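Below are the chains, spelled out letter by letter.
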Amino acid sequence: MQGTMRRGLGGVLDRVYLAGGVLAGLFLLSIAVLVLLSIVSRLLGIFVPGLSEYAGYAMASSSFFALAYTFGTGGHIRVNLFLGKMTGTRRRAAEIWCLAAGSFFACYLAWFSVKMVRVSHMLGDISEGSDAMPLWIPQIGMAAGSVLLAVALVDRLVAVLRGAPLAAGQTSE
């Protein structure tokens, strides 16, 4: 993404990353609603089971759905201590190495997040809270967000390997 919308598959992916960002925002709103509902229900003396757990699930989903969008907009914390001092071919090689390492770890996380959902579903694993939620349901947010991040990193790696600028405002010298 890096500040501009692309055409073709890249443009479709940019819209998918944006949808992940929108979902992250919606989950943040749901946290606010759940916390307010929890406060009001306590004040009224009404017990609503699972509110804290649902807020926790929403927080995890929000965090993971936001990863790809945040990466695409350059919002992740980057260690520019060394990269900022490099130029030209050395900078490009270091960026490619970082993107390749990030892609590897993101794919690893995505693989095992999806596997975790499958195993939880297969075992019928449920939460220990009063809601007794099947755990594979809230785990889907983490898995989907992890897959989106992996796709975003691999997409960016391929783009840089094909000659895209390293970052907004930089040249690929």
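The structure under discussion appears in the preceding block.
Here the structure is a predicted model, which is why all the values come from computation and not from measurement.

Student: Please give an account of helix α2 (residues 51–72) that cites residues and values.
Tutor: The terminal C-alpha atoms of α2 lie 32 Å apart, and with 22 residues this matches the ideal 32 Å at 1.5 Å per residue to within 8%. Of all the bends found along α2, the most pronounced is centred on alanine 66 and spans about 35°. Inspection of α2 places Leu51, Ala55, Tyr57, Ala58, Ser61, Ser62, Phe64, Phe65, Leu67, Ala68, Phe71 and Gly72 among the buried residues, and these make up the whole buried set. One or two steps after α2, the chain reaches glycine 74, where phi turns positive at roughly 75°.

Student: Explain the pattern of salt bridges residue by residue, including any values.
Tutor: One pass over the structure, following the stated rule, counts 1 salt bridge. The shortest N-O distance in the salt bridge between arginine 91 and glutamate 95 comes to 3.0 Å. Residue arginine 91 and its partner glutamate 95 are located together in helix α4 (residues 88–123), separated by 4 residues, close to a single helical turn. Residue classification places arginine 91 among the buried residues on the basis of a relative accessible area of 11%. What makes glutamate 95 buried here is its relative accessible area of 3%.

Student: Describe the packing of α2 against helix α5 (residues 136–161), naming the residues involved and giving the relevant values.
Tutor: The contact between α2 and α5 brings their axes to 8 Å, and the two run at 10°. By the angle between their directions, the pair α2 and α5 is classed as roughly parallel. Taking contact as the criterion, the partners of Tyr57, Ser61, Phe64, Phe65, Leu67, Ala68 and Phe71 in α2 are, on α5, Pro138, Gly141, Met142, Ala144, Gly145, Ser146, Leu148, Leu149, Ala152, Leu153 and Arg156.

Student: Summarise the nonpolar core; cite the residues concerned and give the values.
Tutor: Core analysis: the biggest nonpolar cluster contains 19 residues, and Tyr17, Phe71, Leu99, Leu149 and Leu153 have the highest contact counts within it. Elements that contribute at least two residues to this core include exactly α1 (8–43), α2, α4 and α5. Element by element, the count of residues in this core is highest for α5, at 7 residues. Apart from the residues lying within four places of it in its own chain, the contact partners of leucine 99 are Phe71, Leu153, Arg156, Leu157 and Val160.

Student: Let's hear about the packing of α4 against α5: which residues, and what values?
Tutor: With their axes 8 Å apart at the nearest point, α4 and α5 run at an angle of 155° to one another. Judged by the angle between their axes, α4 and α5 are roughly antiparallel. Every pair of crossing elements has a handedness; the one defined by α4 and α5 is left-handed. Of the residues belonging to the contact of α4 with α5, the class tally is 22 nonpolar, 7 polar and 2 charged.

Rules of the game
Residues numbered from 1 in each chain as written. Predicted model: local features only at pLDDT ≥ 70, side-chain atom pairs only at ≥ 80, totals over all residues. Heavy atoms only, no water. Helix = DSSP H or I, 4+ residues; strand = E, 2+ residues; numbered from the N terminus. Expected span 1.5 Å × (residues − 1). Bend = angle between axes of the 7 residues up to and from the residue. Buried < 20%, exposed > 50% of the residue type's maximum accessible area, 1.4 Å probe, protein only. Salt bridge = Lys/Arg side-chain N within 4 Å of Asp/Glu carboxyl O. Axes fitted to C-alpha atoms, helices over the stretch in contact; angles between N-to-C directions. Parallel < 35°, antiparallel > 145°, perpendicular 65-115°, else oblique. Contact = heavy atoms within 4.5 Å. Core = buried A, V, L, I, M, F, W, Y, C linked by side-chain atoms within 4.5 Å. Left-handed = near helix turned anticlockwise from the far one by under 90°. Nonpolar A, V, L, I, M, F, W, Y, C, P; charged D, E, K, R; others polar.

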